[in-house]
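Topology and contacts: notes
One letter stands for each residue in the lines below.
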Amino acid sequence: MTPSHIPRSPDRPPSPHTAHRSPWLRLLPGISSERRGFVLAWWGFALAFGGMRLLTWLIHIDVAGIGDVQAGGVHIHHYVWGILLLAVVGAAGLVERSARARAWMGLAYGVGMALIVDEAALLISLEDVYWDTEGWVSIALALAVIAVVGGVLASTRGRRSPTRDRDDG
């Protein structure tokens, strides 16, 4: 049987152990399970921030079928969903420690943070300034987070431990 840290030959069928590996382990094979959650949080943040900016722009230009989320006629800003997502990740982190859970929690954490940071200007000014000049505070903050976290991840390579890097969940 091929150990999980050695790539298998394309003409050899997967072993029972590698057949049940996490998609994150296949996507990020050189990243330790401890570090994988951080990398996925960074990816989740960057992609969710870009996705939310695109979605809100489509709402702003009145693309048919796309609109604000409302409850009782009150607009629910997406930072609310980010706070709820971070609360779930925090609670899950108190009880779950598997590599697979850490990866999913990292991704969800990044998405939740992006939902909040995307509306940082609103939270700072307590006014809906998303499309005003003051709204650029959110964009600047998000770009700074993406740059700083990406730089930290790039400059602090984690070491991989083949015996501990098995996806245990």
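Preceding this section is the structure that the text describes.
Residues numbered from 1 in each chain as written. Predicted model: local features only at pLDDT ≥ 70, side-chain atom pairs only at ≥ 80, totals over all residues. Heavy atoms only, no water.

1. Some thoughts on the packing of helix α3 (residues 33-60) against helix α7 (residues 136-155)
The test is simple: Axes here refer to lines fitted to C-alpha atoms; in helices the fit is confined to the stretch in contact. Angles between the N-to-C directions go from 0 to 180 degrees. Helical segments are the DSSP runs of H or I of at least four residues, strand segments are the runs of E of at least two, and each set is numbered from the N terminus. Angles are sorted into four bins: roughly parallel if under 35 degrees, roughly antiparallel if over 145, roughly perpendicular if 65 to 115, and oblique for all others. Handedness of a helix crossing follows the sense of rotation of the near helix relative to the far helix, less than a right angle counterclockwise being left-handed and clockwise being right-handed. Any two residues having at least one pair of non-hydrogen atoms within 4.5 Å are treated as being in contact. Note on residue classes: Ala, Val, Leu, Ile, Met, Phe, Trp, Tyr, Cys and Pro are nonpolar, Asp, Glu, Lys and Arg are charged, and everything else, Gly too, is polar.
As a packed pair, α3 and α7 sit with axes 11 Å apart at the nearest point and diverge in direction by 155°. Of the possible angle classes, the one that applies to α3 and α7 is roughly antiparallel. Relative to α7, α3 is oriented so that their crossing is left-handed. Contacts between α3 and α7 involve Arg35, Phe38, Val39, Trp42, Phe45, Ala46, Phe49 and Arg53 on the former and, on the latter, Ser138, Ile139, Ala142, Val145, Ile146, Val149, Gly150, Val152, Leu153 and Ala154. Its residues placed into classes, the contact of α3 with α7 shows 14 nonpolar, two polar and two charged.

2. Thoughts on the nonpolar core
For clarity, the threshold we go by: The definition of a nonpolar core used throughout is a set of buried Ala, Val, Leu, Ile, Met, Phe, Trp, Tyr and Cys residues joined through side-chain atoms within 4.5 Å. Note on exposure labels: buried denotes an accessible area under 20% of the residue type's maximum, exposed denotes more than 50%, and partly exposed covers the range between, all computed with a 1.4 Å probe on protein chains only.
In this structure, Phe45, Ala48, Phe49, Ala114, Val117, Ile139, Ala142 and Ile146 together form the largest nonpolar core, which totals eight residues. Listed in part, the six residues of the second largest apolar core include Trp24, Leu28, Val39 and Ala103.

3. Considering the packing of aromatic side chains
Selection criterion: The pairing test for Phe, Tyr and Trp rings, Trp by its six-membered ring, is centres within 6.5 Å, and the orientation test on the planes gives stacked under 30 degrees, edge-to-face over 60, and tilted for anything in between. Criterion for a charge above a ring: Lys NZ or Arg CZ within 6 Å of the ring centre, and within 35 degrees of the ring normal.
Counted under the stated rule, the structure contains one aromatic pair. With 5.0 Å between their ring centres and 75° between their planes, Tyr130 and Trp131 make a pair best called edge-to-face. Lying across the ring of Tyr130, Arg53 places its NZ or CZ 4.0 Å from the centre.

4. Things to note about α3
Two residues of an α-helix separated by three or four positions point the same way, owing to the 3.6 residues in each turn. We count it as follows: Each residue after the first adds 1.5 Å to the expected span of a helix.
The terminal C-alpha atoms of α3, which comprises 28 residues, lie 40 Å apart, in line with the 40 Å expected from a rise of 1.5 Å per residue. Within two residues after α3, Asp62 carries a phi angle of roughly 65°, on the positive side.

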